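Chain by chain, the residues run as shown.
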Amino acid sequence: MGKRIFSGAILVLVTIAVVVFNRSFPLLLPIVIALISAASVYELAGAAGVSKNLWLTGPSLILAVAVPFLISTPWIGLALFLYTVVLFLVQLRVHADYTFREIGVLYSMTLLIPLALSLAVPLRDEHEKYGIVLVVFCIAVAWVSDAGAFFAGKFLGKHKLCPNISPKKTVEGLLGGFVLNFLFMMLAGVVLEAVYGAEISVSYLSLVLLSIGGSAISVLGDLSFSLIKRGCHIKDFGNVIPGHGGFLDRFDSVIFTTPFVYYLTLFLPAILA
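Counting restarts for each chain, with residues numbered from 1 along the sequence as it is written. Totals for whole chains, interfaces and linings use every residue, but because this is a predicted model, local features are given only for residues with pLDDT of at least 70 and side-chain atom pairs only at 80 or more, for both listing and counting. Excluded from the side-chain calculations are hydrogens and water; all other atoms, namely the structure's heavy atoms, are used.

An unreviewed UniProt entry lists the protein chain under the name Phosphatidate cytidylyltransferase, from Yeguia hominis. UniProt positions are given in the numbering used here, feature names are shortened, and annotations may be inferred rather than shown by experiment. Quoted verbatim from the Sequence similarities (unreviewed entry) field of the UniProt record, the comment on the protein chain reads "Belongs to the CDS family." Per its UniProt entry, the protein chain bears the Catalytic activity (unreviewed entry) comment "a 1,2-diacyl-sn-glycero-3-phosphate + CTP + H(+) = a CDP-1,2-diacyl-sn-glycerol + diphosphate".

**Digging into the overall build of the protein chain**
What counts as a helix is a DSSP run of H or I of at least four residues, what counts as a strand is a run of E of at least two, and both are numbered from the N terminus. A count of helical and extended segments in the protein chain gives 10 helices and four strands. The globule rule is 2.2 Å times the number of residues to the power 0.38, and the radius of gyration it is compared with is taken over C-alpha atoms. Against the compact-globule benchmark of 19 Å for 273 residues, the protein chain has a radius of gyration of 19 Å, which places it among compact chains. With respect to the three principal axes, the spread of C-alpha positions in the protein chain is 60 × 50 × 30 Å. The cut-offs for exposure are 20% and 50% of the maximum accessible area for each residue type, with area from a 1.4 Å probe on protein chains only; residues under the lower value are buried, those over the upper are exposed, and the others partly exposed. Considering the protein chain as a whole, with its 273 residues, one finds that 47% of them fall into the buried category.

**Thoughts on the side chain of R124**
Inspection of the secondary structure assignment puts R124 in helix α6 (residues 120-125). With relative accessibility at 10%, the residue R124 sits in the buried group. In what follows, residue pairs with any heavy atoms lying within 4.5 Å of each other are defined as contacts. Contacts of R124, omitting those with residues within four sequence positions, involve N22, P26, L29, G131, I132 and V135.

**So, the environment of I76**
By the element assignment, I76 lies in helix α4 (residues 75-94). Between the C-alpha atoms of I76 and A66, which are 10 residues apart in sequence, the distance is 8.7 Å. Among residues more than four places away in sequence, those in contact with I76 are V67, L70, I71 and L115.

**Description of the packing of aromatic side chains**
By convention, a stacked pair of Phe, Tyr or Trp rings (six-membered ring in the case of Trp) has centres within 6.5 Å and planes under 30 degrees apart, an edge-to-face pair has planes over 60 apart, and any other such pair is tilted. One pass over the structure, following the stated rule, counts nine aromatic pairs. On the numbers, 5.7 Å between centres and 10° between planes, the contact of Y83 with Y107 is stacked. With Y83 in helix α4 and Y107 in helix α5 (residues 100-118), the pair connects residues that are 24 residues apart, well separated along the chain. Residue classification places Y83 among the buried residues on the basis of a relative accessible area of 3%. Looking at Y107, the relative accessible area reads 21%, which means it is partly exposed.

**What to know about the environment of I217**
Within the secondary structure, I217 is located in helix α9 (residues 204-232). According to the relative accessible area criterion, I217 is partly exposed, its value standing at 22%. As for I217 and V141, which are separated by 76 residues in sequence, their C-alpha atoms are 9.5 Å apart. I217 has contacts with F256, T257 and F260, leaving out every residue within four places of it along the chain.

Given below as structure tokens:
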């Protein structure tokens, strides 16, 4: 548990750095997302058994790095199209060694991971004053829910949630994640009102939906990538984050919560300036 807490603290410090330097160095956010996306895609390529083939991993890593910088530009569509063309051309070269199933997994995940995470960039940019707060929510609704589930499951867990997919997950842990997420988002609303005062108006309805929906879709993301690991016969996607595994093991839920926060706050703003 000590390694898990220490690694979690490092990740929180990185998140704080992105917030602190948001105005003075706004490129830090897409840079961090690019690094996480590239590392996650590489881990996925390893799980699929194609990481050693540079013809497959090279274009995939290039796209993963490029998407966070192109997501808000008209060039994003061209980048996705070129990647698709290149990967299918590569398939003609490597089809004797790799099946379409392996290449299809790499292709779909290379699109999903950076595109989902990169929505944090327009989320920040479309809300000039408090956009970075919403970016923090993308991470918080996943990690707070995970922390609540971890501790509730460890000390109270008795009933298995999905034993065939993730044996350690319990119903009590699931409820603990919902409760802690709800409390965190309510506290976040109070803190935001105290910090910004009359400059903003916080929608607690939106925060409630963020907490409940965020917890639910966070668990979906976690279980979905657990299925991928089981299908690939691996325990973790990597070991670069002590106590957590690989980048995908830590950010699998964030891949789902970032689009959720983006679209929910698009239609039901959490903060009104």
